[in-house]
Amino acid sequence: MNLKNLKFDLPSRWKEVSRSGNDNQINVRICHVSPLAKIDPKNFQDQPISSNEHASVSKIAIPTPSGVGGSFSDYFKGMSGFISSGFAPSYMTPAWLEDLRKKMTQTPGAEVPDESDITTTVTIIQYADKNIAEQSFKNIGGLATAGFGDMVIPGAKNPKTSQDMTFTDLFESDILKGHVSKEQLSQMKKMSAIIRKETPKMKAEIKKAGLSYAEGKYLGFRALFSEMPNPTPPPKPSKPYKRGGMGGSRGNNMYAPLPKISKPPYQKTIKTCQAVLIKNFVVSGGLLGMVSFLPDGNMPCYSLSKTEKKFETVEGIKSTYIVPTVSNYKAEGYFCKEDAEEVNKKILSKVASL
């Protein structure tokens, strides 16, 4: 199968940005399109529609969830405004910003479209057979826990022992004697000595950090997961507080309250999918692990398109407020676990069909 011609039927909220590689290996850059990129900015501000001595009609601003970024272009718009304000350091000029934008968004293999809020990658490698693919799959965890020197070279056997060959075996053998110079052989033997010396230190550091790898299943496929202690401490019990105080300003309390949903239990360890093995293919990249860090799709928020009317009469003046209705992340197109998992299903199913 020529992977360069592989096509994915991505959900409408996701799109392929670029790809590189060859017939047997591709790196695909994929982005999530921010729903905020398609909304008129004025909808995020209160808008008076009509007003007279007896009545008024206003459209109330759409609140956006905290922690959900806008499109990438919004960042540069903000930076441009900061430069125009005169408060930016002298080196921050429009030309500097444009150069920064090109470097951050147009570097081959690291492109970031203006309308995106998340950009990540997926790598697909096709091996000669299933055995080589499985060893390469296992090496992903082995590189971190066993060290480079003890990693098995897929499909290679040590001629002296008939066992699987490691990179240390390769560097210390004479297999490459007729293919590289004496200087290169000498360098490889020196490298092997350094690897042997540094590997125990690296293993100790990894053990101290609590990083481990284990096999499991992801979307029905054989997968490799990394596990490490959660760097965020467990939440403290909430304390009751007294309600009270004065009311707010015009339009306050017009929004329907967002429903409370149960938060997922605190996890002492963070488990992240690193790779998936499908026949003689290994799929890896940030797209697989992203699911572990995204909010649930049922997280409540306010709609970006649907509204309802609220009414208030004060001193004989009737006020009509057009306010956004209650919705959730998945319905509004914000990035969420379910959305990212849908993309992973599309890609892994496509690979499984090859």
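Located above this text is the structure these notes cover.
Keep in mind that what you see is a predicted model, and the values were worked out from it rather than measured.

S.K.: Please clarify how the overall build of the chain should be interpreted in this entry.
M.R.: Secondary structure summary: the chain contains 8 helices and 13 strands in total. Counting all 354 residues of the chain, 37% fall into the buried class. Long-range pairs, those at least 24 residues apart, make up 63% of the contacts in the chain between residues at least 6 apart in sequence. For the chain, the accessible surface area stands at approximately 21,300 Å², while carbon and sulfur atoms represent 54% of it.

S.K.: Whenever I open this one, the side chain of S226 confuses me. Can you help?
M.R.: With respect to the helices and strands, S226 occurs in strand β9 (residues 221–229). With a relative accessible area of 8%, S226 lands in the buried category. One polar contact links S226 to Q274, side chain to side chain, over a distance of 2.9 Å. Beyond its immediate chain neighbours, meaning those up to four positions away, S226 contacts L211, S212, Y213, I270, K271, T272 and Q274.

S.K.: Explain the packing of aromatic side chains here, please?
M.R.: We describe a pair of aromatic rings using the distance from one ring centre to the other and the angle between the two ring planes. The final tally for this structure, using the stated rule, is 3 aromatic pairs. Taken together, a centroid distance of 5.3 Å and an interplanar angle of 45° make the contact between Y255 and Y302 tilted. Taken as a pair, Y255 in the loop between β9 and β10 (269–278) and Y302 in strand β12 (residues 300–314) lie far apart in primary sequence, 47 residues in all. A ring pair is formed by Y329 and Y334, whose centres lie 5.5 Å apart and whose planes are at 55°; its orientation type is tilted. Owing to a relative accessible area of 0%, Y334 belongs among the buried residues under this scheme. The ring of F225 carries the charged tip of K271 above its face, separated from the ring centre by 4.8 Å.

S.K.: Explain the nonpolar core here, please?
M.R.: The nonpolar side chains of a soluble globular protein tend to be buried with one another. Formed by 40 residues in total, the largest nonpolar core has its most connected members in W14, I30, I124, Y218, V276, V283 and I347. Broken down by secondary-structure element, the contributors of at least two residues to this core are β2 (25–33), β5 (116–126), β9, β10, β11 (281–284), α6 (286–290), β12 and α8 (337–352). It is α8 that contributes the most residues to this core, 5 residues altogether. For I347, the contacting residues outside a window of four places in its chain are F8, L10, I30, V122, I124 and L287. Of all hydrophobic cores here, the second largest spans 6 residues; its members include A133, F137, L224 and L277.

S.K.: Could you clarify how one ought to interpret the environment of C301 in this entry?
M.R.: Inspection of the secondary structure puts C301 in strand β12. On the basis of relative accessible area, C301 is assigned to the buried category, the value being 3%. Residues C301 and P259, 42 residues apart in the sequence, show an inter-C-alpha distance of 9.0 Å. Residue contacts for C301: discarding those within four places in its chain leaves P65, L258, T325, V326, S327, N328, Y329, E332 and Y334.

S.K.: Please explain α8 as it appears in this structure.
M.R.: Think of an α-helix as 3.6 residues a turn; residues three or four steps apart then line up on the same face. In a regular helix each residue adds 1.5 Å, so 16 residues correspond to 22 Å; α8 covers 22 Å between its end C-alpha atoms and thus fits that length. Those residues of α8 that sit buried are D339, A340, V343, N344, I347, L348 and V351. Down the axis of α8, the buried set is contained in an arc of 165°. They therefore lie on one face.

S.K.: Teacher, can you tell me more about the pattern of salt bridges here?
M.R.: When charged atoms on two side chains of opposite charge get close, those side chains can pair. In total, this model carries 8 salt bridges according to the counting rule given. E134 is paired through a salt bridge with R222; the nearest N and O atoms lie 2.8 Å apart. Of this pair, E134 sits in helix α3 (residues 130–145) while R222 is found in strand β9, placing the two residues 88 residues apart along the sequence. Among the residues examined, R222 registers a relative accessible area of 26% and is labelled partly exposed. The partner of E215 in a salt bridge is R222, with the nearest N and O atoms 2.8 Å apart.

S.K.: Help me understand the sheet that holds β5, please; the structure alone is not making it clear to me.
M.R.: In a beta sheet, neighbouring strands pair by backbone hydrogen bonds and run either parallel or antiparallel. Ordered by their spatial adjacency, 7 strands build an open sheet running β1-β2-β5-β11-β10-β9-β8, and the pairing between neighbours is antiparallel. The sheet terminates laterally at β1 (14–21) and β8 (212–218), the two strands that pair on one side only. For this sheet, the mean inter-axis angle between neighbouring strands, taken without regard to orientation, is 25°. Bridging between β1 and β2 involves 7 bridges; their strand directions are antiparallel. When the sheet's bridge partners are listed, S18 is paired in β2 with R29. Here α8 sits on the sheet in contact with β1, β2, β5, β8, β9, β10 and β11, set at roughly 25° to β10.

S.K.: Looking at this structure, I do not really get the pairing of strand β13 (residues 317–328). What am I missing?
M.R.: Regular strands have side chains that alternate between both faces of the sheet. Where strand β4 (residues 55–59) lies against β13, 5 bridges are found, and the strand directions are parallel. Among the inter-strand pairings, K59 is bridged to a residue of β13, identified as I322. In terms of strand pairing, β12 meets β13 through 11 bridges, oriented antiparallel. Counterpart to V314 in the pairing with β13 is I317.

Parameters at a glance
- Counting restarts for each chain, with residues numbered from 1 along the sequence as it is written.
- With pLDDT at 70 or above as the cut-off, local features in this predicted model cover only qualifying residues; side-chain atom pairs require 80 or more to be listed or tallied, and sums for whole chains, interfaces and linings still use all residues.
- With hydrogens and water set aside, each side-chain value is computed from the structure's full complement of heavy atoms.
- Numbering of helices and strands starts at the N terminus; helices are DSSP runs of H or I of at least 4 residues and strands are runs of E of at least 2.
- Exposure is judged per residue with a 1.4 Å probe applied to protein chains only, and the accessible area is read against the type maximum: over 50% gives exposed, under 20% gives buried, and values in between give partly exposed.
- Contacts are assigned to residue pairs with any non-hydrogen atoms lying within 4.5 Å of each other.
- We get accessible surface area from the Shrake-Rupley algorithm with a probe of 1.4 Å; when it comes to residues, only the shown protein chains can shield them.
- Polar contacts, as used here, are pairs of N or O atoms within 3.5 Å; protein pairs need one atom able to donate a hydrogen and one able to accept it. Residues neighboring in sequence count only if both atoms are side-chain atoms.
- Between the rings of Phe, Tyr and Trp (Trp by its six-membered ring), a pair exists once the centres lie within 6.5 Å; its type follows the angle of the planes, with under 30 degrees stacked, over 60 edge-to-face, and the other angles tilted.
- The rule for a charge over a ring is simple: NZ of Lys or CZ of Arg within 6 Å of the ring centre, and within 35 degrees of the ring normal.
- By nonpolar core is meant a set of buried Ala, Val, Leu, Ile, Met, Phe, Trp, Tyr and Cys residues that side-chain atoms within 4.5 Å join together.
- Expected span of a helix, by definition, is 1.5 Å for each gap between consecutive residues, and there is one gap fewer than residues.
- What the arc measures is the spread of directions leading from the helix axis to the C-beta atoms.
- Salt bridge criterion: a side-chain nitrogen from Lys or Arg within 4 Å of a carboxyl oxygen from Asp or Glu.
- Pairs of strands are assigned from DSSP output, requiring at least two bridges between the strands.
- Only the contacting stretch of a helix is used when fitting its axis, a line to C-alpha atoms as for every element, and angles between N-to-C directions run 0 to 180 degrees.

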